[in-house]
Amino acid sequence: MSLTSHGEAGLERGRVDTQRYEHAVMGTFGTPLRVLARGEGSWVWDADGNRYLDLLGGIAVNALGHAHPAWVAAIAAQASTLAQASNFFATEPQIRLAERLLELAQAPAGSRVFFANSGTEANEAAFKMSRKVGGTVIALEGGFHGRSMGALSMTHKEALRAPFAPLLERVVFVPLNDVDALEAAVADAGEDLGGVILEPIQGETGVRPVTHAYLEAARALTLRHGALLILDEVQTGVARTGAWFAHQLHGIQPDVMTLAKGLGGGFPIGAVVAFGERAGALLGKGDHGSTFGGNALACAAALATLDVIEADGLLDNVKAVGEHLRSALADVPGVVEVRGEGLMLGIGLAAPASAAVAAAAVDAGFIINPPSPDTIRLVPALTLSTAEADLFIEWMAGPGSRIITEGTA
Ligand SMILES: Cc1ncc(COP(=O)(O)O)c(C=O)c1O
């Protein structure tokens, strides 16, 4: 199987559709790279019929790839039975999904789940939980938790924050992996500390892992001060790292974990898992809500996603294909390191060439992402095969490598 460059001739229809997009859709995302028409497994096709190997997976969302038959069937069956019931009522998929998440998270008695519709919303709920404990939240430099005002207040990047000031008060940022700085910030907050929020591996900032020692310190400090350890597993959760949840790789348990992205396998859903009696009871009747949260259709999509991950042994596939990519890409000239876990990989480049590499890659039929100038991120479907991974490795060893080392393919 080989890919050929799509070239100029094959992008006519897409150019027209891109103009239509720009005239009708708000410009928050800039010009789209392509207009995509359909997908199957790890492959997508654009409006002109060109095929791409999707190594971005809707940004760590399409856990089962595109149009997985079991996922499609589960959504169709639920849609034709009962989609939305309002939270005055419960549905079986909602109850079952909550039970399943608590089981996969090995959550103790008293633990509870709140359902939202996105990662941002899950983090908003977690933020409200921390306010029930204390007024100060400690977050990490480089952390990303979403763009609504609460989630943005815990997101570090100044360019995202500045236009929307004033943001919420009493969010303190500390440098990544600096235990002393965390200890000092916890001491400063004193009795007012509500929680510490962090991603086990920072995704949007370029796949930067939090060290085991730092996670252990964050766990110990929050326990000692009666504050919440909130792990944002929106990107790292649901098998992405080769464990059901990334914190399980570290043998620690948070008080609160937020999920979204891969949970619905492409259907929008977010969730907050509150561990234990205390966290499980922080938000009581009337404290929070969502019209769509826990919608039966979304929960059926999530249950199907979890079922396939388990039945098809995808945790093992993630570890095997992730390791294969990691070791092969580390040998590519111009690549200085490969960070991350499982199928959440950041390829560190010797030069600030990630945008150029990503642009050339899409022309060559590979969808990848440059979260920072010297990092390429891969967050493909958990079903990606070694043979599919090899297509990208081959391209990176040739044109990709030349763009990094020589400035041109
Ligand atoms: C770690 C993390 N938290 C929160 C979010 C926001 O999630 P959503 O875009 O579903 O609102 C993202 C999205 O990239 C994320 O990576």
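Residues numbered from 1 in each chain as written. Predicted model: local features only at pLDDT ≥ 70, side-chain atom pairs only at ≥ 80, totals over all residues. Heavy atoms only, no water.

**Describing the sheet that holds strand β12 (residues 270-274)**
Worth spelling out the cut-off: Two strands qualify as a pair provided that DSSP identifies no fewer than 2 bridges between them. Helix and strand definitions here come from DSSP, where helices need a minimum of 4 consecutive H or I residues and strands a minimum of 2 consecutive E residues; each element is numbered from the N-terminal end. Fitted lines through C-alpha atoms serve as axes, helices being fitted only where they are in contact, and the angles separating the N-to-C directions of these axes extend from 0 to 180 degrees. Only heavy atoms enter the contact rule, under which two residues are in contact if any of them lie within 4.5 Å.
Taking strand neighbours across the sheet as the criterion, the seven strands line up as β4-β12-β11-β10-β7-β5-β6 in an open arrangement whose pairing is mixed. Edge positions in the sheet fall to β4 (112-116) and β6 (171-174), since each of these pairs with one other strand and no more. The mean inter-strand angle of the sheet, taken between neighbouring strand axes irrespective of direction, is 20 degrees. Relative to strand β11 (residues 256-259), strand β10 (residues 228-232) is paired through three bridges, and the arrangement is parallel. Paired with L231 across the strands is M257, a residue of β11. Relative to the sheet, helix α4 (residues 92-104) contacts β4, β11 and β12, its axis offset from that of β4 by approximately 125 degrees.

**Notes on the site of the ligand**
Stated precisely, the cut-off is as follows: Summary of the distance rule: residues count as near a molecule or strand when at least one heavy atom falls within 4 Å of that molecule or strand. Residues adjacent in sequence count toward polar contacts only when both atoms are side-chain atoms; beyond that, a polar contact is any pair of N or O atoms within 3.5 Å, and within protein one must be able to donate a hydrogen and the other to accept it. Shrake-Rupley sampling with a 1.4 Å probe provides the accessible areas, and residues are treated as covered by the protein chains on show and by no other component. In this classification, Asp, Glu, Lys and Arg are treated as charged, Ala, Val, Leu, Ile, Met, Phe, Trp, Tyr, Cys and Pro as nonpolar, and every other residue, Gly included, as polar.
With respect to spatial proximity, the complete set of residues near the ligand consists of S118, G119, T120, N123, F144, H145, E199, E204, D232, V234, Q235 and K261. At 2.9 Å from an oxygen atom of the ligand is found a main-chain nitrogen or oxygen belonging to G119. The backbone of F144 places a nitrogen or oxygen atom 3.4 Å from a nitrogen atom of the ligand. Its free accessible area being 390 Å², the ligand has 82% of it covered by the protein chains. For the shell around the ligand, the leading source of residues is helix α5 (residues 119-133), giving three residues. Across the shell around the ligand, the residue classes break down as two nonpolar, six polar and four charged.

**Re helix α1 (residues 12-24)**
The cut-off we apply is this: By definition here, a helix of n residues has an expected span of 1.5 Å times n minus one. Buried, partly exposed and exposed residues are distinguished by accessible area as a fraction of the type maximum, computed with a 1.4 Å probe on protein chains only: under 20%, between the cut-offs, and over 50%, respectively. Regarding the arc, it is the one traced by the directions from the helix axis to the C-beta atoms.
Here α1 is 13 residues long and its end C-alpha atoms lie 19 Å apart, about the 18 Å a rise of 1.5 Å per residue gives. Buried within α1 are the following residues: G14, D17 and T18. Buried positions in α1, seen along its axis, are confined to an arc of 110 degrees and lie on one side of it. In this structure, α1 carries R20 and H23 as exposed residues pointing more than 90 degrees from its buried face.

**Describing the nonpolar core**
We apply this condition: Take the buried residues of types Ala, Val, Leu, Ile, Met, Phe, Trp, Tyr and Cys, join any two whose side-chain atoms come within 4.5 Å, and each joined set is a nonpolar core. As used throughout, domain bounds are those supplied by an automatic or database domain assignment.
Residues L325, L329, V357, L378 and F392 are the most contacted members of the largest nonpolar core, which totals 67 residues. Per-element accounting of this core gives the leading share, nine residues, to helix α11 (residues 296-311). Looking at which domains feed residues into this core, each of domain 1 (8-62 + 313-406) and domain 2 (70-311) gives three or more. Not counting the four nearest positions on each side in its chain, L378 is found in contact with L55, L325, L329, L343, M344, L345, I347, I368 and F392. I138, L182, A218 and L221 belong to the second largest nonpolar core, which has 19 residues in total.

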